[in-house]
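# Commentary on secondary and tertiary structure
Here is what each chain is made of, one letter per residue.
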Amino acid sequence: DNTVVITNKAVYTYKVVYVATNGTDVATAGSEAEPFETIQYAVEYLYTNYKALNTMILVRPGVYNKGGYEGDANNFRSRVFVHGDQHVLIKSTDGAEKTIIEGEIDPEGTGGHGDGARRCVTFQINTGGDGCIQGFTFRKGRTAIGSGQTYLNQGGGIGAQRSNYGISQHVAADCIFTDCTAQYT
């Protein structure tokens, strides 16, 4: 369950879980043999049970267009929502061409934007967490519509909420963005 990664003489211990489109979102899943089905379930599982540890979610190839975070007054709907004080690496096992996180277009919204839309990924940056997402295609991400430029209507592919905690440690690497738009850029 735990992997030790050694780089530049530093040792990191990770709690590792797995996700596949044919998995099951139950607390007893998450192993390589029995993966979770949605990335968001894996995020919440790790946040609830392993908050103090560095964590890793290994995601098998497929289109991830189910589940997600339903939003609140401060955060827009998102297929994947990483908590501000969470330490997590979300990594595809086979690269961006084969592993897709799909947002949601609001069919009644302007340009697909509106209350029924969904961003692909949100990093809540407010309490010193660090996270990375690597090796995904982000597709069909959209935002809310609002009056004026706000966090809720920026970043259709990835949104990162600002805070008073300085530079974000959240990173996207080796990713492809396609058909992702925001009301404001």
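Our subject is the structure listed above.
Structure report, in brief. (Residues numbered from 1 in each chain as written. Predicted model: local features only at pLDDT ≥ 70, side-chain atom pairs only at ≥ 80, totals over all residues. Heavy atoms only, no water.)

Okay, the overall build of the chain next. Regarding its fold elements, the chain presents one helix and 13 strands. Taken from the N to the C terminus, the helices and strands of the chain come in the order β-β-α-β-β-β-β-β-β-β-β-β-β-β. A buried classification covers 45% of the 185 residues belonging to the chain. Taking all contacts inside the chain whose residues are at least 6 apart in sequence as the whole, residues at least 24 apart take part in 71%. (Helix = DSSP H or I, 4+ residues; strand = E, 2+ residues; numbered from the N terminus. Buried < 20%, exposed > 50% of the residue type's maximum accessible area, 1.4 Å probe, protein only. Contact = heavy atoms within 4.5 Å.)

Let's shift gears to the side chain of threonine 99. Locating threonine 99 in the fold gives a position in strand β7 (residues 99–102). Within polar-contact distance, the side chain of threonine 99 engages the backbone oxygen of glycine 95 at 3.1 Å. Setting aside residues no more than four positions away along its own chain, threonine 99 makes contact with Val59, Arg60, Pro61, Gly62, Tyr64, Ser92, Asp94, Gly135, Phe136 and Thr137. (Polar contact = N/O pair within 3.5 Å; in protein donor to acceptor, adjacent residues only side chain to side chain.)

One can expect most non-glycine residues to show negative phi and most peptide bonds to be in trans. A positive phi angle, close to 60°, is found at lysine 140, a residue other than glycine. Note that lysine 140 resides in the loop between β10 (137–139) and β11 (158–161). What makes lysine 140 partly exposed here is its relative accessible area of 32%.

Mapped onto the secondary structure, glutamate 97 falls in the loop between β6 (87–92) and β7. Overall, the relative accessible area of 66% leaves glutamate 97 in the exposed class. When the C-alpha positions of glutamate 97 and phenylalanine 136 are compared, they lie 7.2 Å apart, and in sequence the two are 39 residues distant. Excluding its chain neighbours within four sequence positions, the residues that come into contact with glutamate 97 are Thr137 and Ile176.

So, about the side chain of threonine 55. Its place among the elements puts threonine 55 in strand β3 (residues 54–59). Since its relative accessible area comes to 2%, threonine 55 is described here as buried. A polar contact of 2.8 Å, which involves the side chain of threonine 55, links it to the backbone oxygen of histidine 87. Those residues in contact with threonine 55 that lie beyond four places of it in its chain are Tyr14, Lys15, Leu46, Tyr50, His87, Val88 and Leu89.

Here we come to the sheet that holds β7. Strand order in the open sheet formed by four strands is β4-β7-β10-β13, and the pairing between neighbours is parallel. Each edge of the open sheet is held by one strand with a lone partner, namely β4 (62–64) and β13 (176–178). On average, each strand axis in the sheet is inclined to that of its neighbour by 20°, with strand direction left out of account. As defined by bridge partners, β7 adjoins β10 across three bridges and the pair is classed as parallel. Among the inter-strand pairings, glutamate 102 is bridged to a residue of β10, identified as arginine 139. (Pairing = 2+ DSSP bridges. Axes fitted to C-alpha atoms, helices over the stretch in contact; angles between N-to-C directions.)

Throughout the structure, instances matching the rule amount to five aromatic pairs. Taken together, Phe36, Tyr41, Tyr45 and Tyr50 form an aromatic cluster joined through their ring pairs. (Phe/Tyr/Trp six-rings, centres within 6.5 Å; stacked < 30°, edge-to-face > 60°.)

What follows covers the state of the cysteines. Such a bond, covalent and formed between the sulfur atoms of two cysteines, is termed a disulfide. Scanning the model with the defined rule gives zero disulfides in all. Cysteine 180 supplies the cysteine sulfur nearest to cysteine 120, a cysteine that is in no disulfide, at a spacing of 4.1 Å. Here cysteine 132 stays unpaired: no disulfide links it, and the sulfur of cysteine 175, its closest cysteine neighbor, is 7.6 Å away. (Disulfide = S-S within 2.5 Å.)

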